[in-house]
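Reading the structure
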Amino acid sequence: MDADVTAEFRAWLDANWSAGLTVREWWRRLADSGWSFPQWPEEAGGRGESPRMARVARTELANRKLIGPPDGIAVTMLAPTLLQHASPAQQRELLPQIARGEIAACQLFSEPGAGSDLAGLRTSARPDGGDWVVNGQKVWSSLAHEADWGMLLARTDPEAPKHRGISYLLVPLAQPGVEVRPLRQMNGLTEFNEVFLTEARVPGDRLVGQLNDGWRVAQATLAAERSRVPSAVPAPPAGQRGGWLDRTVGEAAEALRTAASTATRMYSRSGRAARRLALQYDVWSDDVVRDNVVQLHILSEASRALMARLRASPFDGGASVAKLAAAALARRARDVDLDVLGPAGLLSGPDAALGGEVELMALSAHLVSIGGGTDEIQKNVLAERVLGLPRE
Ligand SMILES: Cc1cc2nc3c(=O)[nH]c(=O)nc-3n(C[C@H](O)[C@H](O)[C@H](O)COP(=O)(O)OP(=O)(O)OC[C@H]3O[C@@H](n4cnc5c(N)ncnc54)[C@H](O)[C@@H]3O)c2cc1C
């Protein structure tokens, strides 16, 4: 059976891939045939295949060095939320657009006064002639400057207890009521933003889940965020502002071959990479270095196995465990690589090791422990919701 599906996909690729297609057309073909996300249900634009078959399809794309289906926040965080909580009409309308890469999304949850205590958020949405009108400020909104839609948590019932008066809305970002201001990070990148919402409008049919039940919907987004892994097949940025939809897949494949994605450069240093670094810096014969590199390798393999298990059969608290593991791995990779470099690890700019790759990773490692809920919050989740310990 699996062999039949694989053969079907190979034949489909032979008939459909051509380096002259635009990214838009390639993603449309993949989406319309259900091969973008074969694990999605058929009514949502997938093929109802198992996650394992979806991985087989990804591997086939990777082996042929083709560009993958769209990746990014719309795919990894919004789509799983819609699959769990959107109405059938919203799923039919929105999921195919995500599969075709026509939409990039960002998460508008955190506020200056509401991070770990997210339910304390103050951004408000009031009904107005069938729409919603939103006022407030969000912060740390990753990639909001490239996004078309925001997954917005807003207070719709100020009288209700704080977890109960929140709704989950999809706000179009290209409108006068939305101002996105970039924030510069200590790793030199500008991925974060502040987002100011002033009488911003959200169409009435962009409420996901029930009114005032947004907290429950947000848990799906957070669980998806905490357990997401970068796609094994690189793809250019999706969405109208990504700038890739009307370029050819050949150009995209070439660009992706020469430039690893930012996420890959920031977070995916493994034991193997540390070994290469140790050989290059001539410290591989040092027993302590070898021991550290092996420990890192074990940790990264264990983390990979954990992610695979979590994808194959999700378990209670799995997303928090996966996030804690990813944070521990990022810190360990940073420490091992900097130990290998010794004083050279202090260099920055053009003198930095591997063209700044280690520097970028070292200055980004702590981000994993914070984004999507800090390590402390993940431990609270596990303690209270999984182990049944008393609430703090
Ligand atoms: C890489 C990255 C990407 C992000 N992307 C987004 C995004 O796209 N959209 C978005 O909405 N937000 C985003 N965030 C924000 C992120 O969700 C918050 O930074 C995070 O939830 C922590 O909130 P805070 O920064 O307000 O810290 P605080 O909540 O003020 O926490 C400060 C410290 O206190 C500790 N603490 C707080 N409460 C408790 C508690 N109850 N028990 C124990 N310790 C506690 C925390 O662990 C932390 O160490 C991102 C952050 C990062 C780093």
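Residues numbered from 1 in each chain as written. Predicted model: local features only at pLDDT ≥ 70, side-chain atom pairs only at ≥ 80, totals over all residues. Heavy atoms only, no water.

Moving on to the overall build of the chain. The number of helices and strands found in the chain is 13 helices and 8 strands. For 392 residues, the compact-globule estimate of 2.2 N^0.38 gives 21 Å, and the C-alpha radius of gyration of the chain, at 22 Å, lies within 12% of that figure. Counting every position in the chain, which comprises 392 residues, the buried fraction comes to 45%. Considering only residue pairs separated by 6 or more positions, the chain has 72% of its internal contacts joining residues 24 or more positions apart. In the form shown here, the chain has an accessible surface area of approximately 18700 Å², with 53% of it arising from carbon and sulfur atoms. Side chains of the chain give 44 positive and 47 negative charges; the mean places of these two sets differ by 2 Å. (Helix = DSSP H or I, 4+ residues; strand = E, 2+ residues; numbered from the N terminus. Rg over C-alpha atoms; globule rule 2.2 N^0.38 Å. Buried < 20%, exposed > 50% of the residue type's maximum accessible area, 1.4 Å probe, protein only. Contact = heavy atoms within 4.5 Å. Areas by Shrake-Rupley, 256 points an atom, 1.4 Å probe, with all protein chains shown as cover. Lys, Arg positive; Asp, Glu negative; His and termini not counted. Charge placed at Lys NZ, Arg CZ, Asp CG, Glu CD.)

Attention now goes to the packing of helix α10 (residues 287–312) against helix α11 (residues 318–341). Across the interface, α10 lies against α11 with an axial gap of 10 Å and an inter-helix angle of 160°. Compared by their axis directions, α10 and α11 come out roughly antiparallel. Read as a crossing pair, α10 and α11 show a hand that is left-handed. Across the interface between the two elements, Val289, Asn292, Val293, Gln295, Leu296, Leu299, Ser300, Ser303, Leu306, Met307 and Leu310 from α10 touch Gly318, Ala319, Val321, Ala322, Ala325, Ala328, Leu329, Arg332, Ala333, Val336, Asp339 and Val340 from α11. Counted by class, the contact of α10 with α11 contains 16 nonpolar, 5 polar and 2 charged residues. (Axes fitted to C-alpha atoms, helices over the stretch in contact; angles between N-to-C directions. Parallel < 35°, antiparallel > 145°, perpendicular 65-115°, else oblique. Left-handed = near helix turned anticlockwise from the far one by under 90°. Nonpolar A, V, L, I, M, F, W, Y, C, P; charged D, E, K, R; others polar.)

Here we take up the site of the ligand. Around the ligand, the surrounding shell holds 18 residues, and the nearest of these are Ser110, Ser116, Trp140, Thr374 and Glu376. At a separation of 3.1 Å, a nitrogen atom of the ligand approaches a polar backbone atom of Trp140. If the ligand stood free it would expose 970 Å²; the protein chains cover 67% of that surface. Its residues assigned to classes, the shell around the ligand shows 6 nonpolar, 10 polar and 2 charged. (Near = heavy atom within 4 Å. Polar contact = N/O pair within 3.5 Å; in protein donor to acceptor, adjacent residues only side chain to side chain.)

Below, the discussion takes up the packing of aromatic side chains. Inspection of the entire model under this criterion finds 7 aromatic pairs. On the basis of an interplanar angle of 20° and a centroid distance of 4.6 Å, the ring pair of Phe37 and Trp40 is categorised as stacked. For Phe37, a relative accessible area of 3% puts it in the buried group. Ring pairing ties together the aromatic residues Phe9, Trp12, Trp17, Trp26 and Trp35, which thus form one cluster. Note that Arg47 overlies the ring of Trp35, its terminal NZ or CZ placed 4.0 Å from the centroid. The aromatic ring of Phe315 is capped on one face by Arg309, whose charged end is 4.5 Å from the ring centroid. (Phe/Tyr/Trp six-rings, centres within 6.5 Å; stacked < 30°, edge-to-face > 60°. Lys NZ or Arg CZ within 6 Å of the ring centre and 35° of its normal.)

This part is about the domain arrangement of the chain. Annotation of the chain at the domain level lists domain 1 (2–99), domain 2 (105–226) and domain 3 (260–386). Each of domain 2 and domain 3 was reduced to a C-alpha centroid, and the two centroids are 30 Å apart. Contact with domain 2, which involves 11 residues of that partner, is made by 19 residues of domain 3. Together domain 2 and domain 3 conceal approximately 1100 Å² of surface at their shared face, both sides included; 61% is due to carbon and sulfur atoms. Summed over the three residues of domain 2 that lose the most area to domain 3, namely Met186, Asn187 and Arg226, the buried surface amounts to 57% of that side. Applying the counting criterion to the domain 2 and domain 3 interface returns 0 salt bridges. Connecting domain 2 to domain 3 are 3 residue pairs in polar contact (both at pLDDT 80 or more). Grouping the constituent residues of the side of domain 2 that touches domain 3 by class yields 4 nonpolar, 4 polar and 3 charged. (Domains from an automatic or database assignment. Buried area = accessible area lost by both parts, 1.4 Å probe. Salt bridge = Lys/Arg side-chain N within 4 Å of Asp/Glu carboxyl O.)

Looking now at a nonpolar patch on the surface. On the surface, Val386, Leu387 and Leu389 cluster together into a nonpolar patch covering about 270 Å² of accessible area. Mapped onto the elements of the fold, Leu389 is located in the segment after α13 (375–386). (Patch = residues over 30% accessible without salt bridge, like charges linked within 9 Å, V, L, I, M, F, W, Y side chains within 5 Å.)

Moving on, we get to the pairing of strand β3 (residues 131–138). Here 5 bridges tie strand β2 (residues 124–128) to β3, and the two strands are oriented antiparallel to one another. The residue bridging Arg126 from the neighbouring strand is Val133, located in β3. Linkage of β2 to β3, two consecutive antiparallel strands, is achieved through a turn of 2 residues, within which Gly129 is found at a positive phi near 55°. Strand direction decides the pairing type here: β3 and strand β7 (residues 192–202), joined by 6 bridges, are antiparallel. By the bridge assignment, Trp132 is partnered in β7 with Val202. (Pairing = 2+ DSSP bridges.)

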